[in-house]
Amino acid sequence: MDRRLFHNFLKYSLLSMLGMLGISCYILADTFFISLGMGKEGVAALNFAIPAYNVMHGTGLLLAVGGATKFTVLKSQGQEQAANAVFTNTCMLGVVFSAIFMLAGGLFSAPLASFFGAKGAAHGLTDTYLRVMLLFSPAFLFNDIFVCFVRNDGSPHLSMVAVLTGSLSNVLLDYIFIFVFGWGMFGAVFATGLSPCIGVGMCMLHAFGKKSGFRLIRTLPRFHYMKYCFLLGFPSLVEQVSSAAVIFSFNYIALKIAGNTGVAAYGVIANISLVVVAMFSGLAQGVQPLWSRAHGEGKEEHKRMLFRYSFLFMAVFSVIVYALIFLFAVPISDIFNHENDVWLRSIASEGLRLYFLATPFVGFNILLYSFFSSTERALPSQILSLLRGIVFILPAAFAFSAFMGMTGVWISFPVAECATAAIGTVLLLRASRGRRESISSENRDE
């Protein structure tokens, strides 16, 4: 075992996981305080708004992960000017997408609330959340961009501290705005919007400091550089957009089967899932700079060792997570059930135990398409992200729920993730075999 490589793996992956845990706490803290202050109608409204957050955050990760991956590869090859051009063009795209989201929030928040399925009392709450959140889109997008670039520039500690500081601020501001100031849903989303502003401010300490390895340069928009965001960051976008599609569809199904109580129960599960998926994404994003650096330097053995470390870490973490969820399903559901609704407790606790059977498959799939993307193999990464995000999960949810009700909704997720993992294993074996054959051919030519 290469001790230096393993030390770097632990440093980058653990710090990134803590940072992603902080990001996921934006919504989790909202869920807790909204359930406490506004009951299940508030939780349902938040769940209706989550798809818009997924799309916005997915766009931020599209730019951040794609741009930072190519930045790292170019830096490892000594191409400083090209690496800075990638960063500059990534920021240009951030400005463009920020304007789009702000326009949507300012003009179309109410129609969007209706589109996402909000009705009655939940509609007004959803409208408020969407409007304010989308107006804060520049903070969310540039927080994603700077966190990824700072981490890939060799400062994982700062990126983690920036995210956690913003997240802890969100928790404190949630309490103040909702219960001290009495601002209700507006207070919850205003606190959430201010949090990434704090993260961006902290990342600026590195970005404009003497030790920064990236900077803005004078250049025209270049598709040649922008395309890397879309090619290499595409799986991260699909992960978030597909989450939005899944939440939208699951809300629709739950609403038909069990009304707002079903939506609130799924809201509990969706928010716990947000944390679990964020941890796996943090692991993948943490090891990404190391994969990209090894790829840029042509160190195949380092790539393989990093994959083994990641897989073992993911497997152990999955077992621990599922054991905790299985044993404490009822207490977890009660955290978001301040009205002590017996039916909500029953639906949510059953859902937690069935839905999270997918945990090891989710971790494996996220690691796998991140590995492909980090080593500039965009196609298999894109295939896997589409399979797990849309192709398998949506048909499974509608089919199983038609025969088994809410139980069918819960089991559709592990079935879809398992099917994706099977195909991902085949793609990985084919890629490994192809690489071995290429190396053998190069050796024969020599």
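What you see is a predicted model; the values in this text were computed from it and never measured. (Residues numbered from 1 in each chain as written. Predicted model: local features only at pLDDT ≥ 70, side-chain atom pairs only at ≥ 80, totals over all residues. Heavy atoms only, no water.)

**Concerning the overall build of the protein chain**
Working step 1: Within the protein chain, the regular secondary structure consists of 14 helices and 0 strands.
Working step 2: Ordered by position from the N terminus, the helices and strands of the protein chain form the series α-α-α-α-α-α-α-α-α-α-α-α-α-α.
Working step 3: Relative to the 2.2 N^0.38 estimate, which gives 22 Å for 446 residues, the radius of gyration of the protein chain is 21 Å and therefore close to what a compact globule would have.
Working step 4: Taking the principal axes of its C-alpha atoms as reference, the protein chain extends roughly 70 × 45 × 35 Å.
Working step 5: A total of 446 residues make up the protein chain; the buried ones form 59% of that total.
Working step 6: Residue pairs at least 24 apart in sequence account for 82% of intrachain contacts in the protein chain once pairs closer than 6 positions are excluded.
Working step 7: If you sum the accessible surface of the protein chain, you get close to 17600 Å²; carbon and sulfur atoms cover 69% of it.
Working step 8: Seen as two clouds, the 30 positive and the 22 negative side-chain charges of the protein chain have centres 6 Å apart. (Helix = DSSP H or I, 4+ residues; strand = E, 2+ residues; numbered from the N terminus. Rg over C-alpha atoms; globule rule 2.2 N^0.38 Å. Buried < 20%, exposed > 50% of the residue type's maximum accessible area, 1.4 Å probe, protein only. Contact = heavy atoms within 4.5 Å. Areas by Shrake-Rupley, 256 points an atom, 1.4 Å probe, with all protein chains shown as cover. Lys, Arg positive; Asp, Glu negative; His and termini not counted. Charge placed at Lys NZ, Arg CZ, Asp CG, Glu CD.)

**A short note on the pattern of salt bridges**
Working step 1: According to the stated counting rule, one finds 7 salt bridges in the structure shown.
Working step 2: The salt bridge involving aspartate 127 is made with arginine 131; its shortest N-O contact spans 3.0 Å. Linking aspartate 127 with arginine 131, this pair stays in helix 3 (residues 121-135), spanning 4 residues, or about one helical turn.
Working step 3: By relative accessible area, aspartate 127 is classed as buried at 13%.
Working step 4: In this structure arginine 131 comes out as partly exposed when scored by relative accessible area, which is 31%.
Working step 5: Measuring nitrogen to oxygen at the nearest pair gives 2.7 Å for the salt bridge that ties arginine 345 to aspartate 334. Here the residue arginine 345 occupies a position in helix 10 (residues 342-355), and aspartate 334 occupies one in helix 9 (residues 329-335), the gap between them amounting to 11 residues.
Working step 6: In this structure aspartate 334 comes out as partly exposed when scored by relative accessible area, which is 25%. (Salt bridge = Lys/Arg side-chain N within 4 Å of Asp/Glu carboxyl O.)

**What about the side chain of threonine 126?**
Working step 1: Mapped onto the elements, threonine 126 comes out in helix 3.
Working step 2: When sequence neighbours within four positions are dropped, the list of residues in contact with threonine 126 reads Ala45, Phe48, Ala49, Ala113 and Ala118.

**Brief notes about the layout of surface pockets**
Working step 1: Looking at the second largest pocket, its volume works out to about 270 Å³.
Working step 2: Broken down by element, the residue count for the lining of the second largest pocket peaks at 6 residues, all from helix 1 (residues 3-76).
Working step 3: Here the residues of the lining of the second largest pocket sort into 5 nonpolar, 3 polar and 6 charged. (1 Å grid on protein atoms, 1.4 Å probe; cavity = no way out; pocket = protein on both sides within 12 Å on 5 of 7 lines; lining within 4 Å. Points joined across faces, edges and corners; volume = space filled by probe spheres on them. Nonpolar A, V, L, I, M, F, W, Y, C, P; charged D, E, K, R; others polar.)

**Structural notes on helix 12 (residues 378-391)**
Working step 1: For helix 12, with 14 residues, the first-to-last C-alpha span of 18 Å sits near the 20 Å given by 1.5 Å per residue.
Working step 2: Listing the buried residues of helix 12 in full gives Ala378, Pro380, Ser381, Gln382, Leu384, Ser385, Leu387, Arg388 and Gly389. (Expected span 1.5 Å × (residues − 1).)

**A look at the nonpolar core**
Working step 1: Ranked by internal contacts, the top residues of the largest apolar core, which has 129 residues, are Met133 and Tyr266.
Working step 2: Take this core: its biggest share by element is 27 residues, from helix 7 (residues 223-297).
Working step 3: Residues within four places of methionine 133 in sequence aside, it is in contact with Ala49, Ala52, Tyr53, Met56, Phe140 and Val189. (Core = buried A, V, L, I, M, F, W, Y, C linked by side-chain atoms within 4.5 Å.)

**Some details on the environment of alanine 82**
Working step 1: Along the chain, alanine 82 turns up in helix 2 (residues 80-115).
Working step 2: In this structure the C-alpha to C-alpha distance between alanine 82 and glycine 209, which are 127 residues apart in sequence, comes to 20 Å.
Working step 3: With near-sequence residues (within four places) excluded, alanine 82 lies in contact with Leu74 and Tyr225.

**Things to note about helix 3**
Every α-helix carries 3.6 residues per turn, so stepping three or four residues along brings you back to the same face.
Working step 1: With 15 residues, helix 3 extends 23 Å from end C-alpha to end C-alpha; this agrees with the ideal 21 Å at 1.5 Å per step.
Working step 2: Among the residues making up helix 3, those that are buried are Ala122, Thr126, Asp127, Tyr129, Leu130, Val132, Met133 and Leu134.

**Let's talk about the packing of helix 4 (residues 137-152) against helix 6 (residues 184-207)**
Working step 1: The contact between helix 4 and helix 6 brings their axes to 8 Å, and the two run at 35 degrees. In this structure, helix 4 meets helix 6 at a crossing whose hand is left-handed. Residues Ala139, Phe140, Phe142, Asn143, Phe146, Val147 and Val150 of helix 4 lie in contact with helix 6, whose contacting residues are Thr192, Gly193, Pro196, Cys197, Gly199, Val200, Cys203, Met204, His206 and Ala207.
Working step 2: Of the residues in the contact of helix 4 with helix 6, the class split is 12 nonpolar, 5 polar and no charged. (Axes fitted to C-alpha atoms, helices over the stretch in contact; angles between N-to-C directions. Left-handed = near helix turned anticlockwise from the far one by under 90°.)

**Points about empty space enclosed by the protein**
A water-sized probe, rolled over the atoms, reveals where empty space remains.
Working step 1: Enumeration over the complete set of coordinates arrives at 5 cavities of 30 Å³ or more.
Working step 2: Of the pockets and cavities examined, the second largest cavity occupies roughly 170 Å³.
Working step 3: Along its surface, the second largest cavity is lined by 16 residues, and Val65, Ser236, Gln285, Tyr369 and Ser370 are the ones closest to its centre.
Working step 4: Going through the elements one at a time, helix 1, helix 7 and helix 11 (359-374) are the ones with two or more residues in the lining of the second largest cavity.

**Description of the packing of helix 12 against helix 13 (residues 393-404)**
Axes are the key here: two packed helices are described by the angle between their axes and the distance separating the axes.
Working step 1: Two elements in contact, helix 12 and helix 13, have axes whose closest approach is 5 Å; the angle formed by their N-to-C orientations is 25 degrees. By the angle class used here, helix 12 and helix 13 are roughly parallel. Residue-level inspection shows Arg388, Gly389, Ile390 and Val391 of helix 12 in contact with helix 13, the latter providing Ile393, Leu394 and Pro395.
Working step 2: For the contact of helix 12 with helix 13, a count of residues per class yields 5 nonpolar, 1 polar and 1 charged. (Parallel < 35°, antiparallel > 145°, perpendicular 65-115°, else oblique.)

**Quick notes on a nonpolar patch on the surface**
Working step 1: On the surface, Phe32, Leu36, Tyr175, Phe179, Val180, Phe181, Trp183, Phe186 and Ile335 cluster together into a nonpolar patch covering about 810 Å² of accessible area.
Working step 2: Among the secondary structure elements, those contributing two or more residues to the nonpolar patch are helix 1 and helix 5 (156-180).
Working step 3: Counting residues per element, the nonpolar patch draws most heavily on helix 5, which supplies 3 residues.
Working step 4: Position of phenylalanine 32 among the secondary structure elements: in helix 1. (Patch = residues over 30% accessible without salt bridge, like charges linked within 9 Å, V, L, I, M, F, W, Y side chains within 5 Å.)

Function cannot be inferred from these measures alone, as they are strictly geometric.
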